[in-house]
Structure formats: structure tokens, C-alpha cells
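Residue-level structural notes
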Amino acid sequence: MSGVRDLVYTVANAELTQGAHAKEIGNIGQARVCARRACGMAIEHWLEFHPHKNWGASAITMLTKLQEDHRMPKEIRDAAERLTKRVDNNFETGIEEDPLNDGKIILEYFLDPKQLKK
């Protein structure tokens, strides 16, 4: 594993930990934000190994582009879709979800050393 990959992994997991604290106090919206940020870090690192992908610079843009890339596993695309689903006036998406689990799925996929090859 590379030192940069390990650093990204550590920082992204710290973001998920912050999301878990937010979820514990009932702030699922903040948990979703933390999960998206963690995914953005992982995807941004992965994009360094896949420069032909133009997935934008923000976590939301990257997650949206991820959903559209049918070369990605369906489980990963589905997790990205849940993380980008718009909320209603009650800050709910209308689907049963665990944004932290979705974030972890995406993080593990994109920071898997097998995925970090040019």
C-alpha cells in the first residue's frame, strides 16, 4: 500500500467516524455529509490512477458520475445513488438507508489497492 493511499484511508475513515457521532445524536443529515466527504476523498485518490475519467471536483459530482458509469459494480453505483438522493422537507430521502454503510462500501472499493492501478 502506498503512503498516500494509507493517509487518504485514515482521513476518510475519520470522516466516517464523525458521521457516526452525528448519527448517534440524531443528525442523519450531517452523517450523510460526512459519508459523501469520505467518498469524495477516496474517489479523488482513485481518479489519480484513472486520469481518463472526468468526474469533476466535488464529492456530489463524483458520486453522480459514478452512478452513470456502468463499468462500476451495481452495489457501488447503488450506494452512490442513495448518497446523492435529494431529501424532502423533513430531511428524509424516502428510502431506508445507512449513509455511513454506503460510504464505507464506496471507500473500501475505491481505496482497494487492486483498484489503484493505472
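Preceding this paragraph is the structure being described.
Residues numbered from 1 in each chain as written. Predicted model: local features only at pLDDT ≥ 70, side-chain atom pairs only at ≥ 80, totals over all residues. Heavy atoms only, no water.

**Quick notes on the packing of helix α2 (residues 28–47) against helix α3 (residues 59–68)**
Here is the rule we go by: Every axis corresponds to a line fitted to the C-alpha atoms, with the helix fit spanning only the stretch in contact, and the corresponding angles, defined between N-to-C directions, vary from 0 to 180 degrees. Elements are defined by DSSP. Helices are runs of H or I of four residues or more, strands are runs of E of two residues or more, and each kind is numbered from the N terminus. To sort the angles, those under 35 degrees are grouped as roughly parallel, those over 145 as roughly antiparallel, those from 65 to 115 as roughly perpendicular, and the leftovers as oblique. Definitions for this section: a left-handed crossing has its near helix turned counterclockwise from the far helix by less than a right angle. A right-handed crossing has that turn clockwise. Note on definitions: a residue-residue contact is assigned when non-hydrogen atoms from the two residues lie within 4.5 Å. Under the scheme applied here, ten amino acids are nonpolar (Ala, Val, Leu, Ile, Met, Phe, Trp, Tyr, Cys and Pro), four are charged (Asp, Glu, Lys and Arg), and all others, including Gly, are polar.
Two elements in contact, α2 and α3, have axes separated by 9 Å at closest approach and are oriented at 70 degrees. Looking at the two axes, α2 sits roughly perpendicular to α3. Where α2 crosses over α3, the handedness of that crossing is left-handed. Here Arg36, Cys39, Gly40, Ile43, Glu44 and Leu47 of α2 lie close against α3, whose contacting residues are Ala59, Ile60, Met62, Leu63 and Leu66. Here the contact of α2 with α3 is composed, by residue class, of 8 nonpolar, 1 polar and 2 charged.

**Regarding the packing of aromatic side chains**
We apply this condition: Ring pairs shown here join Phe, Tyr and Trp side chains whose ring centres sit within 6.5 Å, with only the six-membered ring taken for Trp; geometry is labelled stacked below 30 degrees between planes, edge-to-face above 60, and tilted in between. Partly exposed residues are those whose accessible area sits between 20% and 50% of the maximum for their type, while under 20% is buried and over 50% is exposed, using a 1.4 Å probe and protein chains only. Charge-over-ring placement is defined geometrically: NZ (Lys) or CZ (Arg) within 6 Å of the ring centre, and within 35 degrees of the ring normal.
Tallying each qualifying case throughout the model produces 4 aromatic pairs. With centroids separated by 4.9 Å and ring planes inclined at 85 degrees, the aromatic side chains of Trp46 and Phe110 adopt a geometry described as edge-to-face. Taken together, the residues Trp46 in helix α2 and Phe110 in helix α5 (residues 99–110) connect sequence positions 64 residues apart. Assigned by exposure class, Trp46 and Phe110 land together as buried. With centroids separated by 6.3 Å and ring planes inclined at 75 degrees, the aromatic side chains of Trp55 and Phe110 adopt a geometry described as edge-to-face. Taken together, the positions of Trp55 in the loop between α2 and α3 and Phe110 in helix α5 put the pair 55 residues apart, joining distant regions of the chain. Overall, the relative accessible area of 6% leaves Trp55 in the buried class. We note Arg5 situated over the ring of Tyr9; from NZ or CZ to the ring centre the distance is 4.6 Å.

**Points about the nonpolar core**
What counts, and what does not: We call a set of buried residues a nonpolar core when its members are Ala, Val, Leu, Ile, Met, Phe, Trp, Tyr or Cys and they connect through side-chain atoms within 4.5 Å of each other.
One finds Ile43, Trp55, Leu63, Leu66, Ile106 and Phe110 to be the most contacted residues of the largest nonpolar core, which totals 27 residues. Mapped onto this core, the elements with two or more residues apiece are α1 (3–24), α2, α3, α4 (74–84) and α5.

Read these as spatial facts, not as claims about activity.
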